[in-house]
Amino acid sequence: MILDYEFSDPKLKAFVEKEAKKHKITVEEQIERYINRELMSDSISEEVFEELHSQEYLDEVNTGLKLD
């Protein structure tokens, strides 16, 4: 997927960049994870899958993306 996305909120940009750096992936890959939450991927470990789907992490993402 090719994303053409500009962050209008500097806090959101910083949040996504921090998360991408933490997971050692690009910002685009991090955004893709937020879009599909890696539900269709079998290329991630169970540990990463559980972390990405923990309620705490999903709440943090939803807050960061202002989805609440």
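Residues numbered from 1 in each chain as written. Predicted model: local features only at pLDDT ≥ 70, side-chain atom pairs only at ≥ 80, totals over all residues. Heavy atoms only, no water.

Some thoughts on helix 1 (residues 10-22)
Part 1: When the terminal C-alpha atoms of helix 1 are compared, their 18 Å separation across 13 residues agrees well with the 18 Å that a helix rising 1.5 Å per residue should span.
Part 2: Those residues of helix 1 lying buried are L12, F15, V16, E19 and A20. Angular distribution of buried residues about the axis of helix 1 spans 130°; they occupy a single face of the element. Structural note: helix 1 exposes P10, K11 and K21 on the side pointing more than 90 degrees away from its buried face.
Part 3: Capping the start of helix 1 is the job of one residue whose side-chain oxygen sits 2.8 Å from the backbone nitrogen of K11: D9. (Helix = DSSP H or I, 4+ residues; strand = E, 2+ residues; numbered from the N terminus. Expected span 1.5 Å × (residues − 1). Buried < 20%, exposed > 50% of the residue type's maximum accessible area, 1.4 Å probe, protein only. Arc of directions from axis to C-beta. Polar contact = N/O pair within 3.5 Å; in protein donor to acceptor, adjacent residues only side chain to side chain.)

Focus on the confidence of the model for the chain
Part 1: Averaged over every residue, the pLDDT of the chain is 76; the share at 70 or more is 75%.
Part 2: Averaged over each element, pLDDT in the chain is lowest for helix 3 (residues 46-52) (70) and highest for helix 1 (88). (pLDDT = per-residue confidence, 0-100.)

Details of the nonpolar core
Part 1: Membership of the largest hydrophobic core is limited to 7 residues, which are L12, F15, V16, I31, Y34, Y57 and V61.
Part 2: At the level of elements, helix 1, helix 2 (27-36) and helix 4 (55-64) are the ones that each hand at least two residues to this core.
Part 3: The element that contributes the greatest number of residues to this core is helix 1, accounting for 3 residues.
Part 4: Sequence-distant contacts of L12, that is, excluding residues within four places in its chain, are made with Y5, F7, G64 and L65. (Core = buried A, V, L, I, M, F, W, Y, C linked by side-chain atoms within 4.5 Å. Contact = heavy atoms within 4.5 Å.)

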